[in-house]
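Secondary and tertiary structure notes
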Amino acid sequence: MNSLPQQQQSPVRRKIHYVDHAIQKWLLLALVALEVLLVCAALWGLYRELSSVIEQNIYRIHYTDNQRIFPLLLKNSVYVLGAMLAANAAALLIADRIWAYYVNAILRAFSALMVRTGKLDFLDNADSSARQHETVERALAWRKAERIRCRKIREKIGGLESGADFTGPQEREKAKASLAGLLQILP
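Predicted model, so just to flag it, every value in this text is computed and none were measured. (Residues numbered from 1 in each chain as written. Predicted model: local features only at pLDDT ≥ 70, side-chain atom pairs only at ≥ 80, totals over all residues. Heavy atoms only, no water.)

**Description of the overall build of the protein**
We count it as follows: Starting at the N terminus, helices and strands are each numbered in turn, a helix being any DSSP run of H or I of at least four residues and a strand any DSSP run of E of at least two. Note on exposure labels: buried denotes an accessible area under 20% of the residue type's maximum, exposed denotes more than 50%, and partly exposed covers the range between, all computed with a 1.4 Å probe on protein chains only. For this analysis, residues touch if any pair of their heavy atoms sits within 4.5 Å. Each accessible area value is a Shrake-Rupley result obtained with a 1.4 Å probe; residue values ignore everything except the protein chains displayed when judging cover.
The number of helices and strands found in the protein is four helices and zero strands. Written out in order from the N terminus, the α and β elements of the protein read α-α-α-α. When burial is assessed residue by residue, the protein has 20% of its 187 residues classed as buried. Taking the intrachain contacts of the protein between residues at least 6 apart in sequence as the baseline, contacts between residues at least 24 apart amount to 59%. Counting every atom, the protein has about 15,200 Å² of accessible surface; 64% of that belongs to carbon and sulfur.

**Description of the confidence of the model for the protein**
So the rule is basically this: Note on scores: pLDDT gives the predictor's confidence for each residue, bounded by 0 and 100.
Looking at the protein, the pLDDT average stands at 76 and 71% of residues meet or exceed 70. When pLDDT is averaged over each element of the protein, helix H2 (residues 69-118) comes out on top at 86 and helix H4 (residues 169-182) at the bottom at 70.

**Remarks on the pattern of salt bridges**
Going by this rule: The term salt bridge refers to a pairing of a side-chain nitrogen on Lys or Arg with a carboxyl oxygen on Asp or Glu at a separation within 4 Å.
Tallying each qualifying case throughout the model produces four salt bridges. Measuring nitrogen to oxygen at the nearest pair gives 3.2 Å for the salt bridge that ties arginine 97 to aspartate 96. For aspartate 96, a relative accessible area of 39% corresponds to the partly exposed category. In this structure, arginine 116 engages aspartate 121 in a salt bridge whose closest nitrogen and oxygen atoms are separated by 3.3 Å. By relative accessible area, aspartate 121 is classed as partly exposed at 24%.

**Notes on the nonpolar core**
Short version of the rule: Throughout this description, the term nonpolar core refers to a set of buried Ala, Val, Leu, Ile, Met, Phe, Trp, Tyr and Cys residues connected via side-chain atoms within 4.5 Å.
Core analysis: the largest hydrophobic core is formed by seven residues, namely Ile23, Tyr102, Ile106, Ala109, Leu113, Val136 and Ala139. Sorting the residues of this core by element identifies H2 and helix H3 (134-162) as the ones contributing at least two each. The element contributing the most residues to this core is H2, with four residues.

**Concerning the environment of alanine 105**
With respect to the helices and strands, the residue alanine 105 is situated in helix H2. Spatially, the C-alpha atoms of alanine 105 and glutamine 132 are 9.3 Å apart, while their sequence positions differ by 27 residues.

Right, here's the structure in full:
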């Protein structure tokens, strides 16, 4: 996919994190606990149902074809497997809703920061009620760096307008070069 040679690639590469340990650890533990409970409940249900079917058929003296045991065993097994599938589907839906709520909370906080940034509002972020996540923390750190950079630019521009810091053309050129360095896109 990447057509640049290895030596021309940027040394700083984005890292993609597919797993968020803060919530996925608990979802995984809940899934394992649910599966253990479901298997135990299924075994108990099968034992109860199948032992009654076997108990009804074990003391027969004469075997008849109209009372087959296999369809009864199959029917009870299908009921238990259906219940297990339904419980797993419900668990997946609940896990999906929990995950969606978690991701949307992070996206709401990030989007609010980006809307404020789009309006060039770099004031201090007093909203600490947002869910903290690595992405939001990085955005907050970037906004803090930009707030400091904007403050330095404002101070330099104020010094240029008043002329208070300049006694000669060399100081003025040095201030212009310093301001040009602050106005670069990458500080």
